[in-house]
Amino acid sequence: MVIFQAWKHKLSAAVGLLVLLVILLWPAIPLHSLDIWLKTLFSYWPTNILYPIFAIIIATQAALFIYDKKVAKCCRVPQTKTSAASSFAGVLLGACPACIPVLGFFLPLSATIAIGYYSWVILIIAIIITLYSIKRSGGFQRVVQPKGQ
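Residues numbered from 1 in each chain as written. Predicted model: local features only at pLDDT ≥ 70, side-chain atom pairs only at ≥ 80, totals over all residues. Heavy atoms only, no water.

1. Considerations on the overall build of the protein chain
The criterion, for reference: Think of it this way: any DSSP run of H or I at least four residues long counts as a helix, any run of E at least two long counts as a strand, and we number them from the N terminus. Between two residues, a contact is recorded if the distance between any of their heavy atoms is within 4.5 Å. Per-residue and other accessible areas were derived by the Shrake-Rupley procedure at a 1.4 Å probe size, with only the shown protein chains allowed to occlude residues.
Looking only at helices and strands, one finds nine helices and zero strands in the protein chain. Element order for the protein chain, N to C, with α for helix and β for strand: α-α-α-α-α-α-α-α-α. The long-range share in the protein chain, meaning contacts at least 24 apart out of those at least 6 apart in sequence, stands at 74%. Only carbon and sulfur atoms are counted for the fraction: they give 73% of the accessible area of the protein chain, which is about 9,000 Å².

2. Quick word on the confidence of the model for the protein chain
To keep things clear, this is the line we draw: pLDDT gives the predictor's per-residue confidence on a scale running from 0 to 100.
Of the residues in the protein chain, 75% have a pLDDT of 70 or more, and the chain-wide mean is 78. Confidence, expressed as mean pLDDT per element, reaches its minimum in the protein chain at helix H6 (residues 80–92) with 58 and its maximum at helix H2 (residues 10–25) with 92.

3. Description of the packing of aromatic side chains
Selection criterion: The pairing test for Phe, Tyr and Trp rings, Trp by its six-membered ring, is centres within 6.5 Å, and the orientation test on the planes gives stacked under 30 degrees, edge-to-face over 60, and tilted for anything in between. Exposure is judged per residue with a 1.4 Å probe applied to protein chains only, and the accessible area is read against the type maximum: over 50% gives exposed, under 20% gives buried, and values in between give partly exposed.
The tally for this structure, following the rule as stated, stands at two aromatic pairs. With centroids separated by 5.7 Å and ring planes inclined at 85°, the aromatic side chains of Trp-37 and Tyr-51 adopt a geometry described as edge-to-face. Highlighted residues: Trp-37 in helix H4 (residues 34–43) and Tyr-51 in helix H5 (residues 47–71), separated in sequence by 14 residues. In this pair, the class of Trp-37 matches that of Tyr-51, namely buried.

4. A closer look at the pattern of salt bridges
We apply this condition: Any carboxyl oxygen of Asp or Glu that lies within 4 Å of a side-chain nitrogen of Lys or Arg is treated as forming a salt bridge with it.
Under the definition given, this model contains one salt bridge. Across the salt bridge formed by Asp-35 and Lys-39, the nearest N and O atoms sit 3.3 Å from each other. Placement of the pair is Asp-35 and Lys-39 together in helix H4, with a separation of four residues, close to one helical turn. Classification of Lys-39 by relative accessible area gives exposed; the value is 56%.

5. Points about the nonpolar core
Let me state the cut-off plainly: By nonpolar core we mean a set of buried residues, namely Ala, Val, Leu, Ile, Met, Phe, Trp, Tyr and Cys, connected to one another through side-chain atoms within 4.5 Å.
Judged by nonpolar contacts, the single largest core of 22 residues is most densely connected at Tyr-51, Phe-54, Leu-64, Leu-123 and Ile-127. Contributing elements (two or more residues each) for this core: helix H1 (2–8), H2, H4, H5 and helix H9 (119–136). With 10 residues, the top contributor of residues to this core is H5.

6. Considering a nonpolar patch on the surface
Short version of the rule: Two distance rules govern patches: like charges are joined within 9 Å, and nonpolar side chains (Val, Leu, Ile, Met, Phe, Trp, Tyr) within 5 Å, applied only to residues with over 30% relative accessible area and no salt bridge.
Side chains of Leu-21, Leu-25, Leu-34, Leu-38 and Phe-42 sit close together on the surface and give an oily, nonpolar patch of about 470 Å² of accessible area. Per element, the largest residue contribution to the nonpolar patch is three residues, and it comes from H4. Here Leu-25 shows up in helix H2. The exposure class assigned to Leu-25 is partly exposed, which follows from its relative accessible area of 40%.

Given below as structure tokens:
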């Protein structure tokens, strides 16, 4: 599959790993501590399972994007806006438990509480949209090797 080829290439894999690290570690910034972030992440179920999965899927999407733009043309449909929107919405709309207090600065208390309560639903929707975006861009297609190689 194309996503495996994207992870095998050095440039796209490096970008994917960088995106993975940023998504997994950036909530430590609003919490002012990596220790607090890890305790927060591990204490909320099902977010403690879904958030790392979501981070891996977004990293795969970034690796596929770089692979498509810099290495080999694989994507058949332009999908940059849809991908970025689903990634942004998934991360900021309560996907990570540390983001919910940050949302409290921008939204009323009732909306923040609702997002916090249903953050796992928002996260599942973001995962589905991101997987659809990868599928739409051709990431799950088989790699066809030219004859003679």
